[in-house]
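Now for the letters of each chain:
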2 protein chains.
Amino acid sequence: MNLRETIFALAQAYRVHIKEAVNANELGLNGMHVRCLHAIANCPQCTANAIVNQLGKDKAQIARLIKDMLDKGWLEKHSSEFDKRSQILSLSSSGTALQQQLVQLEKQLEQSFEAGLTQQELDEFRRISSKMLANLGEHSWE
Amino acid sequence: MNLRETIFALAQAYRVHIKEAVNANELGLNGMHVRCLHAIANCPQCTANAIVNQLGKDKAQIARLIKDMLDKGWLEKHSSEFDKRSQILSLSSSGTALQQQLVQLEKQLEQSFEAGLTQQELDEFRRISSKMLANLGEHSWE
DNA sequence: CTCAAATAGTTGACTTTATCAACCTAATCT
DNA sequence: AGATTAGGTTGATAAAGTCAACTATTTGAG
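Visitor: What is the right way to read the interface of chain B and chain A from this model?
Guide: You'll often see interface size given as the accessible area lost when the parts meet. Taken together, the contact pairs 44 residues of chain B with 45 residues of chain A. Between chain B and chain A lies a buried interface of about 4,700 Å² when both sides are counted; carbon and sulfur atoms form 69% of it. Linking chain B with chain A are 15 residue pairs in polar contact (both at pLDDT 80 or more), by the criterion used here. Among the secondary structure elements, those contributing two or more residues to the side of chain B that touches chain A are α1 (3-24), α5 (93-114) and α6 (119-135) of chain B. It is α1(B) that provides the largest number of residues to the side of chain B that touches chain A, a total of 14 residues. Taken together, the residues that form the side of chain B that touches chain A break down as 22 nonpolar, 10 polar and 12 charged.

So, in structure tokens, the structure goes:
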């Protein structure tokens, strides 16, 4: 298994398992919902544009995603006082609850990943990974 | 950066960079083409079904992908002598050339990833990764 | 041997996801 | 002010992925 296969196998495994967990809990959200919830939760004064940059997606797609999530009542938006072009996005109470559930599920999944590994190994994994990312000039980028 | 972020950042970085390289070389192929070329190259007596299992995709999608690649002249197919339901797929000469170019580009990209890392670190990364995959009961799975 | 069940592959119809270009409004820059 | 840039929305369309039905073989239980 070369590096490419390793990396994709990990990502694929994560995707498959978190999808299972999300479906099992019938949260009614898809992959982009998940990423968007996290992005907003972790980004103070989040705007649509911030999400576009963070997730590396087309702004049209993000606009529709946000509209969908607003309709579902997971988000709130109000225009920025500093730049009237910008809409500040935040999680509603139901959005926050959802995101917290996700954090929970992800924590559990991470524990599955990490089973039988020492703290040292985990640190090492992260250290090497971030070296690789630095090599390619990647940012936090989700 | 937690484990999820790390894993997806790596996968995303790989995807973005290989896509760039492929586009830069104007090979005219997309992500599924790439994966399919590799799958066929590495699978003796490859069938559509083998690809479905290897890539974990819907068989309808794979059938259309193969048709497309046959039209483009990258593949050849002939029915199996052992099972007349099966179509054995192989790379044509242009398909082989394409796949070889990809191998080249991927090798270069891997070198970018691995820059400044020792062989020990790389081994360690692979070892830890496969432990994680084993935790989740993953197979080679691409 | 025979017939039901399983397997390989194809196709049609459809949903989801992603992309491109046009556009509006507000901000910024001489 | 007038031109340009940036944030966001929308329409149209392309690409990816999914579901179900169907054909043609093969397998396997009785």
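Now that the structure has been shown, the text picks up again.
Visitor: Sorry if this is basic, but what is going on with the protein's contact with DNA strand D here?
Guide: Lining the immediate surroundings of DNA strand D are 22 residues, of which A:Asn49, A:Lys59, A:Arg64, A:Lys77 and B:Gln61 lie closest. Considering DNA strand D, the proportion of its atoms within 4 Å of the protein that are sugar or phosphate atoms stands at 56%. The backbone of A:Gln87 places a nitrogen or oxygen atom 3.0 Å from a phosphate oxygen of DNA strand D. Breaking the surface near DNA strand D down by element, the ones donating at least two residues are α3 (48-55) and α4 (59-71) of chain A together with α4 (59-71) of chain B. With five residues, the top contributor of residues to the surface near DNA strand D is α4(A). Across the surface near DNA strand D, the residue classes break down as five nonpolar, six polar and 11 charged.

Visitor: I'm lost on the pattern of salt bridges in this one. Help?
Guide: Between side chains of opposite charge, pairing is possible as soon as their charged atoms come close. The final tally for this structure, using the stated rule, is 14 salt bridges over all chains. Its salt-bridge partner being B:Arg127, residue A:Glu121 comes within 2.7 Å of it at the nearest N-O pair. A residue pair is termed interchain when its members come from two chains, as with A:Glu121 in helix α6 (residues 119-135) and B:Arg127 in helix α6. In this structure B:Arg127 comes out as partly exposed when scored by relative accessible area, which is 34%. A salt bridge links B:Arg85 to B:Asp83, with the shortest nitrogen-to-oxygen separation between them at 2.8 Å. B:Asp83 gets classed as partly exposed once you look at its relative accessible area, which sits at 24%. A single salt-bridge network, built from bridges that share partners, covers A:Glu121, B:Glu124, B:Arg127 and B:Lys131.

Visitor: For this particular structure, what's the right way to read the protein's contact with DNA strand C?
Guide: The local shell around DNA strand C holds 23 residues, among which A:Gln61, A:Lys84, B:Asn49, B:Arg64 and B:Arg85 are the closest. Atoms of DNA strand C within 4 Å of the protein belong to the sugar or the phosphate in 57% of instances, the rest to bases. A:Asn30 is positioned such that a nitrogen or oxygen atom in its side chain is 3.3 Å from a phosphate oxygen of DNA strand C. Within the side chain of B:Lys77, one N or O atom sits 2.7 Å away from a phosphate oxygen of DNA strand C. Taken together, the elements giving at least two residues each to the surface near DNA strand C come down to α4 of chain A together with α3 (48-55) and α4 of chain B. In terms of residue class, the surface near DNA strand C is built from five nonpolar, six polar and 12 charged.

Visitor: When you look at the nonpolar core in this model, what are you seeing that I'm missing?
Guide: The tendency in soluble globular proteins is for nonpolar side chains to be buried as a group. If you look at the biggest cluster of nonpolar residues, it comprises 85 residues, and the most contacted ones within it are A:Phe113, B:Ile51 and B:Phe113. When neighbours within four sequence positions are excluded, B:Phe113 is seen to be in contact with A:Leu3, A:Ile7, A:Met132, A:Asn135, A:Leu136, B:Leu10, B:Ala13 and B:Tyr14.

Visitor: Would you take a moment to explain the packing of helix α1 (residues 3-24) of chain A against helix α5 (residues 93-114) of chain A for this structure?
Guide: Two quantities define a packed helix pair, namely the angle between the helix axes and the distance between the axes. Residue and element names in this part refer to chain A. Close contact between α1 and α5 brings their axes to 10 Å; oriented N to C, the two are set at 135 degrees. Considering their axes alone, α1 and α5 lie oblique with respect to each other. For the element pair α1 and α5, the recorded crossing hand is right-handed. In this structure, α1 uses Leu10, Ala13, Tyr14, His17, Ile18, Ala21 and Val22 to contact α5, whose residues at the interface are Leu102, Leu105, Glu106, Leu109 and Phe113.

What counts, and at which threshold
Numbering of residues begins from 1 in every chain and follows the order in which that chain's sequence is written. Chains and ligands are labelled by the order in which they are written, letters from A for the one and numbers from 1 for the other. Local features in this predicted model are restricted to residues of pLDDT 70 or higher, and side-chain atom pairs are both shown and tallied only at a pLDDT of 80 or more, whereas totals for entire chains, interfaces and linings draw on every residue. Side-chain numbers come from the whole structure's heavy atoms, not from hydrogens or water. Residues count as neighbours in contact if any of their non-hydrogen atoms are within 4.5 Å of one another. The quantity reported as buried area is the accessible area (1.4 Å probe) lost by two parts once they are put together, taken as the sum for both. As used in this structure description, the phrase polar contact means that two N or O atoms lie within 3.5 Å; if the pair is within protein, one of them must be able to donate a hydrogen and the other to accept it, and residues adjacent in sequence are counted only when both atoms belong to side chains. Numbering of helices and strands runs from the N terminus; a helix is a DSSP stretch of H or I covering at least four residues, while a strand is a stretch of E covering at least two. Just so you know the grouping, Ala, Val, Leu, Ile, Met, Phe, Trp, Tyr, Cys and Pro go in nonpolar, Asp, Glu, Lys and Arg go in charged, and all remaining residues, Gly too, go in polar. Nearness here has a simple test: a residue counts as near a molecule or strand if at least one of its heavy atoms is within 4 Å of that partner. A side-chain nitrogen of Lys or Arg and a carboxyl oxygen of Asp or Glu constitute a salt bridge if their distance falls within 4 Å. Partly exposed describes any residue whose relative accessible area lies between the buried limit of under 20% and the exposed limit of over 50%, with all areas from a 1.4 Å probe on protein chains only and scaled to the type maximum. Remark: nonpolar core denotes a set of buried residues (Ala, Val, Leu, Ile, Met, Phe, Trp, Tyr, Cys) joined through side-chain atoms within 4.5 Å. Axis definition: a line fit to C-alpha positions, over the contact stretch in the case of helices; interaxial angles, taken between N-to-C directions, run 0 to 180 degrees. Each angle is binned into one of four classes, with values under 35 degrees roughly parallel, values over 145 roughly antiparallel, values of 65 to 115 roughly perpendicular, and all other values oblique. The hand of a helix crossing depends on one turn: near helix anticlockwise from the far one by less than a right angle means left-handed, and clockwise means right-handed.

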